[in-house]
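# Fold and geometry: a report
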Amino acid sequence: MSEDPAARPDRADRPVTFRDVFAVREYRAIYTSLLVNWAGDYLSKAAVTVLVYEKTDSVLLSAAALGVSFIPWIIGGTLLSALAERYPYRRVLIVADLARMVPIGLLLVPHVPIWLMLVLVFLASLGMPPTQAARSALLPQLVGREKLATAIAVNQTTTQAAQLFGYLAGATIATVLSPRVALGVDVCTFALSALVIARGIQHRPPARTEAQRTHLLHESGEGIRLVFGRPVLRAIVLMVCLMSMFSVAPEGLAAAWAAEGTDNSTSRGLYQGLIMAAAPIGFVIGGLLLTRLAGADRRDRLVCPLAILSCLALAPAAFSPPLPIVVLLVILSGAAAGGLSPTLNGRFVLMLPHGYRARAFGVVQAGLQLAQFSGIIITGVLADRFRLPLVVGLWSVVGTFVMSYLAVGWPSRRTFARAMEAAAATVPPAPVPPATTPVVPAPAPAPEAAPVRTTSVTPKHP
């Protein structure tokens, strides 16, 4: 009797390669859009920071110019993400890109007052929640379930690389040439992103029809109740947000840490940059290595150990190691987070009922912003009173215990599998292939599931 290849362990756990993902034409389009979009975003953030500082000589105002871009996620991320469910994702991406061109373009006008600059940055940032939510919700439709974790890993590592490039290039262009040159490049990236989406992504109907729509606030609340009302979703969100809160301290305290570690101004600037860049570098390394070298089964088993390691890696900071060792510790922490992130992200997306992906994405992003903000503020306040390395080390020890507690109650793989199967049942049938394509007979599809009520706590996720 011949063996079923799908049942063989070496085949079942075969890693999906980057080539497999990039073989999907529509994925190449959305990846290109993401790449130019994120690089442009960080270019403009660095440029606006320089522009405001040049005009005011105020560190506080230049920091505010950067911080204001996070406000839309905190005060309205879930609402704006719910908006993305009402329209075709392709249209949301195009309209958001074109709309964001306008306020960034107005920053090119000479002699714009500082208060108006901050308002324009805020208005441009309003397009981020629907853009990122629509992109996240569209991704499973483009690459399918098997390639999703790999596609997410590629997107996340690309985002980290774009952050490094954008900040470095934006600051360099803004200081050597002019901040407006960097802003002009950002305007062009929005236009290019919209063009790539228009030409490379096919039209799909919106996740929610007009008959399914209610009040936008109610739809946003449904997303919150869905995420926190279902144990499997709640477990992932808590792990991701709390891990981020306990591992973000070095980035927020990098300037003070570098100043305490060296008296040389040149070395201080170098180490500040290295500490801030270490986590994204580690994230890229961990995400690429784990996704490329480990199959899905092994990545599942590594989720809890990597979550614990992401905090535990920073605990030696309590002993005030030299700054090069600090950088290595932060890289290790970032690599652990990068290694588990694609797996958790892929599970989360596949456990969401059809029509809730963008809203759930908004809930998670808002939670992440709040968690990171809280981690930076708490450790910053403590570092004002106690020795900074000790604060980071003990904060990380607390995080290690929290991650261990979450690992003890972590849902089983069977629980996750049932949740994904239930969510898959809510997905509408795929479009009928063209008549020229041979169609293999298949069982009749099950009746379409009724819209899932988010008040339910039964495991039902995509």
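The following refers to the structure shown. Remember, predicted model here, so these are calculated numbers, not experimental data.

For the protein chain, the count of helices and strands is 19 helices and 0 strands. The proportion of buried residues among the 462 residues of the protein chain is 50%. Put simply, 86% of the contacts in the protein chain that link residues at least 6 apart link residues at least 24 apart. When the accessible surface of the protein chain is totalled, it reaches about 21500 Å², and 68% of it is carbon and sulfur.

Moving on to the environment of valine 92. Within the fold, valine 92 resides in helix 6 (residues 89-106). Given a relative accessible area of 10%, valine 92 falls into the buried group. When near neighbours in sequence (up to four residues on either side) are disregarded, valine 92 contacts Ala84, Tyr87, Pro130 and Ala134.

Our next topic: the packing of aromatic side chains. Scanning the entire structure with this criterion turns up 5 aromatic pairs. Plain terms: the ring middles of phenylalanine 22 and tyrosine 27 are 5.4 Å apart, the flat faces sit at 70° to each other, and that makes the pair edge-to-face. Note on phenylalanine 22: relative accessible area 28%, which makes it partly exposed. Here tyrosine 27 and tyrosine 31 contribute two aromatic rings whose centre-to-centre distance is 6.0 Å and whose plane-to-plane angle is 35°, an arrangement assigned as tilted. With tyrosine 27 and tyrosine 31 both in helix 3 (residues 25-56), this residue pair falls 4 residues apart, about one helical turn. Like tyrosine 27, the residue tyrosine 31 is buried in the burial classification. Of the aromatic side chains, those joined through ring pairs into one cluster are Phe22, Tyr27 and Tyr31.

Before going further, it helps to examine the packing of helix 11 (residues 231-247) against helix 18 (residues 388-408). Two numbers describe a pair of packed helices, the interaxial angle and the distance between the axes. It is the contact of helix 11 with helix 18, at a shortest axis distance of 9 Å, that shows an interaxial angle of 170°. Between helix 11 and helix 18, the angle is such that the two are roughly antiparallel. For the pair helix 11 and helix 18, the contacting residues are Leu238, Met239, Leu242, Met243, Met245 and Phe246 in the first and Trp395, Ser396, Val398, Gly399, Val402, Met403 and Leu406 in the second. Along the lines of polarity and charge, the residues of the contact of helix 11 with helix 18 split into 11 nonpolar, 2 polar and no charged.

Position of arginine 299 among the secondary structure elements: in helix 15 (residues 296-312). Sequence separation of arginine 299 and proline 342 is 43 residues, and the distance between their C-alpha atoms is 9.2 Å.

Our next topic: the pattern of salt bridges. Working definition: two side chains of opposite charge can pair if their charged atoms are close together. A full pass over the atoms with the stated rule returns 3 salt bridges. Between arginine 204 and glutamate 26 there is a salt bridge, and its shortest N-O distance comes to 2.7 Å. Residue arginine 204 is located in the loop between helix 9 (179-200) and helix 10 (216-229), and its partner glutamate 26 is located in helix 3; the two are separated by 178 residues in the primary sequence. In this structure, aspartate 300 engages arginine 347 in a salt bridge whose closest nitrogen and oxygen atoms are separated by 3.0 Å. Note that aspartate 300 is positioned in helix 15 and arginine 347 in helix 16 (residues 323-350), a separation of 47 residues in sequence. It is possible to trace a salt-bridge network through shared partners that takes in Asp300, Arg347 and Arg413.

Scanning all chains against the criterion turns up 2 cavities of 30 Å³ or more. Taken as a whole, the largest cavity encloses approximately 130 Å³ of empty space. Around the largest cavity sit 14 residues that line it, and Ser44, Lys45, Ile104, Val121 and Ser125 are the ones nearest its centre. For the lining of the largest cavity, the secondary structure elements donating two or more residues are helix 3, helix 6, helix 7 (114-125) and helix 9. Of the residues forming the lining of the largest cavity, the biggest block, 4 residues, is contributed by helix 3. Considering only residue class, the lining of the largest cavity consists of 7 nonpolar, 3 polar and 4 charged. A volume near 50 Å³ is recorded for the second largest cavity.

Calculation notes
- Residues numbered from 1 in each chain as written.
- Predicted model: local features only at pLDDT ≥ 70, side-chain atom pairs only at ≥ 80, totals over all residues.
- Heavy atoms only, no water.
- Helix = DSSP H or I, 4+ residues; strand = E, 2+ residues; numbered from the N terminus.
- Buried < 20%, exposed > 50% of the residue type's maximum accessible area, 1.4 Å probe, protein only.
- Contact = heavy atoms within 4.5 Å.
- Areas by Shrake-Rupley, 256 points an atom, 1.4 Å probe, with all protein chains shown as cover.
- Phe/Tyr/Trp six-rings, centres within 6.5 Å; stacked < 30°, edge-to-face > 60°.
- Axes fitted to C-alpha atoms, helices over the stretch in contact; angles between N-to-C directions.
- Parallel < 35°, antiparallel > 145°, perpendicular 65-115°, else oblique.
- Nonpolar A, V, L, I, M, F, W, Y, C, P; charged D, E, K, R; others polar.
- Salt bridge = Lys/Arg side-chain N within 4 Å of Asp/Glu carboxyl O.
- 1 Å grid on protein atoms, 1.4 Å probe; cavity = no way out; pocket = protein on both sides within 12 Å on 5 of 7 lines; lining within 4 Å.
- Points joined across faces, edges and corners; volume = space filled by probe spheres on them.

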